[in-house]
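Residue-level listing of the chains:
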Amino acid sequence: MSLIDRIVEDLDNALAHDPAARSRLEVALAYPGVHAVWGHRISHYLWNHGFKLIARIHSNFIRTSTGIEIHPGARIGRRFFIDHGMGVVIGATTIIGDDVMLYHDVTLGARGGDFGKRHPTIDNDVVIGAGARVLGNVTVGEGSRISANAVITKDLPARSMLNSAEFFVI
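Residue positions are given per chain, counted from 1 along the sequence in the order it is written. Whole-chain, interface and lining totals are the exception, using all residues; otherwise, since this is a predicted model, local features are given only for residues with pLDDT of at least 70 and side-chain atom pairs are given and counted only at 80 or more. Each side-chain value is worked out from all heavy atoms of the structure, with water and hydrogens disregarded.

### Describing the sheet that holds strand β14 (residues 161–162)
Right, so step 1: A strand pair is defined by DSSP finding two or more bridges across the two strands. Secondary structure elements are defined from DSSP: runs of H or I of at least 4 residues count as helices, runs of E of at least 2 residues count as strands, and each element is numbered from the N terminus. Reading across from one edge, β3-β6-β9-β12-β14 is the order of the five strands in this open sheet, with parallel pairing throughout. Across the chains shown, the open sheet's two edge strands, defined by having one partner strand only, are β3 (81–82) and β14.
Right, so step 2: In this structure, strand β12 (residues 145–146) lies alongside β14, joined through two bridges in parallel fashion. Counted as the bridge partner of isoleucine 146 is leucine 162 from β14.

### Description of the packing of helix α1 (residues 3–17) against helix α3 (residues 32–48)
Right, so step 1: In this analysis, axes come from line fits to C-alpha atoms, helices being fitted only over the stretch in contact, and the angle between any two N-to-C directions falls in the range 0 to 180 degrees. At a closest axis distance of 11 Å, the pairing of α1 and α3 adopts a crossing angle of 155 degrees. Here α1 is positioned roughly antiparallel relative to α3, judged by the angle of their axes. For the element pair α1 and α3, the recorded crossing hand is right-handed. Each of Arg6, Ile7, Asp10, Leu11 and Ala14 in α1 lies in contact with α3, whose residues at this interface are Val34, Trp38 and Arg41.
Right, so step 2: Looking at the contact of α1 with α3 residue by residue, the classes come out as five nonpolar, no polar and three charged. Any angle between 65 and 115 degrees counts as roughly perpendicular, while under 35 counts as roughly parallel, over 145 as roughly antiparallel, and the rest as oblique. In this scheme the handedness of a crossing depends on how the near helix is turned from the far one: anticlockwise by less than a right angle means left-handed, clockwise means right-handed. Any pair of residues with heavy atoms lying within 4.5 Å of one another is described as a contacting pair. Throughout this entry, Asp, Glu, Lys and Arg are counted as charged residues, while Ala, Val, Leu, Ile, Met, Phe, Trp, Tyr, Cys and Pro are counted as nonpolar. The remaining residues, Gly among them, count as polar.

### Comments concerning the packing of α3 against helix α4 (residues 52–66)
Right, so step 1: For the pair α3 and α4, interaxial distance at closest approach is 8 Å and the crossing angle is 175 degrees. Between α3 and α4, the angle falls in the class roughly antiparallel. Contact with α3, carried on its side by Pro32, His35, Ala36, Gly39, Ile42, Ser43, Leu46 and Trp47, involves Lys52, Ile54, Ala55, Arg56, His58, Ser59, Ile62 and Thr66 of α4 and no other residues of that element.
Right, so step 2: Its residues placed into classes, the contact of α3 with α4 shows eight nonpolar, six polar and two charged.

### Re the layout of surface pockets
Right, so step 1: As defined here, a cavity is a set of points on a 1 Å grid over the protein atoms alone where a 1.4 Å probe fits but cannot get out. A pocket is an open set with protein on both sides within 12 Å along at least five of seven lines, and residues line them when an atom is within 4 Å of a point. Grid points are joined across faces, edges and corners, and a volume is the space filled by probe spheres set on the points. As a volume, the largest pocket reaches approximately 160 Å³.
Right, so step 2: Elements with a contribution of two residues or more to the lining of the largest pocket: α4, β1 (69–70) and β4 (89–90).
Right, so step 3: Top contributing element to the lining of the largest pocket by residue count: α4, with four residues.
Right, so step 4: Per-class residue counts for the lining of the largest pocket are five nonpolar, four polar and three charged.

### Quick look at the packing of aromatic side chains
Right, so step 1: For Phe, Tyr and Trp, rings pair up if their centres lie within 6.5 Å, where Trp contributes its six-membered ring, and each pair is then called stacked (planes under 30 degrees apart), edge-to-face (over 60) or tilted (otherwise). Scanning all chains against the criterion turns up zero aromatic pairs.
Right, so step 2: Consider the ring centre and the ring normal. A charge sits over the ring if Lys NZ or Arg CZ is within 6 Å of that centre and within 35 degrees of that normal. Between the NZ or CZ atom of lysine 52 and the centre of the ring of tryptophan 47, over which it lies, the distance is 4.3 Å.

### Describing empty space enclosed by the protein
If a probe the size of a water molecule is rolled over the atoms, the empty space left behind becomes visible.
Right, so step 1: Applying the stated criterion across every chain yields a total of one cavity of 30 Å³ or more.
Right, so step 2: In this structure, the largest cavity encloses a volume near 50 Å³.
Right, so step 3: Around the largest cavity, the lining residues are Asp10, Gly33, Val34, Val37, Trp38, Phe80, Phe81 and Ile82.
Right, so step 4: At the level of secondary structure, the elements contributing two or more residues to the lining of the largest cavity comprise α3 and β3.
Right, so step 5: At four residues, the largest contribution of residues to the lining of the largest cavity is made by α3.
Right, so step 6: Of the residues that constitute the lining of the largest cavity, the class distribution is six nonpolar, one polar and one charged.

### Overview of α4
Right, so step 1: Here the expected length of a helix is defined as 1.5 Å per residue gap, with one fewer gap than residues. Under the 1.5 Å per step criterion, the end-to-end length of α4 is 21 Å for 15 residues, consistent within 8% with the ideal 21 Å.
Right, so step 2: Inspection of α4 places Ala55, Ser59, Ile62 and Thr66 among the buried residues, and these make up the whole buried set. With its buried residues spanning 55 degrees around the axis, α4 presents them on a single face. Facing away from the buried side of α4, by more than 90 degrees, are the exposed residues Leu53, Ile57, Phe61 and Thr64.
Right, so step 3: Elements in contact with the buried residues of α4: α3 and β1.
Right, so step 4: Immediately downstream of α4, the backbone of glycine 67 shows phi near 80 degrees, a positive value. Three exposure classes are used, based on accessible area relative to the maximum for each residue type with a 1.4 Å probe and protein chains only: buried under 20%, partly exposed in between, and exposed over 50%. In this context, the arc is that of the directions from the helix axis out to the C-beta atoms.

And the structure:
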């Protein structure tokens with residue numbers, strides 16, 4: 001898939017997920033979640049090709065301009081959409097599958113000073129609501145739905161529906 005095809009796919013994905021979006025042009029110019037994903041792809045490329053300092057500087061610029069912090073080491077699949085993304089944090093060893101959607105103020109973070117894989121794995125077709133926290137080396141199974149303000153610290157099976165009254169605690 002060419003770079004142009006990927007860009008169009010991202011724009012169409014945003015249009016499909018956000019009923020307020022009116023055109024590809026509007027999404028391309030005014031959607032910080034899309035800008036953050038595009039910026040991450042550049043940072044991730046630099047990170048994987050040994051330009052780690054430049055990757056971190058670039059990702060910091062993207063964070064400053066979008067309010068969304070994605071570590072350049074994080075691996076993100078296709079059609080990833082961040083809606084109203086202010087405050088989103090995605091840690092260095094996070095793995096995100098295809099067709100994942102996050103709302104604002106979501107943290108995919110670590111739980112402590114562990115080394116190695118210390119951030120979540122989010123399988124395909126997952127939706128994570130505003131303010132949710134997924135912490136540690138846990139897996140959120142395919143097709144799961146996590147509502148606002150949930151805190152996940154243990155694996156979540158595929159096709160789980162977690163409402164805000166349910167929490168997996170440390």
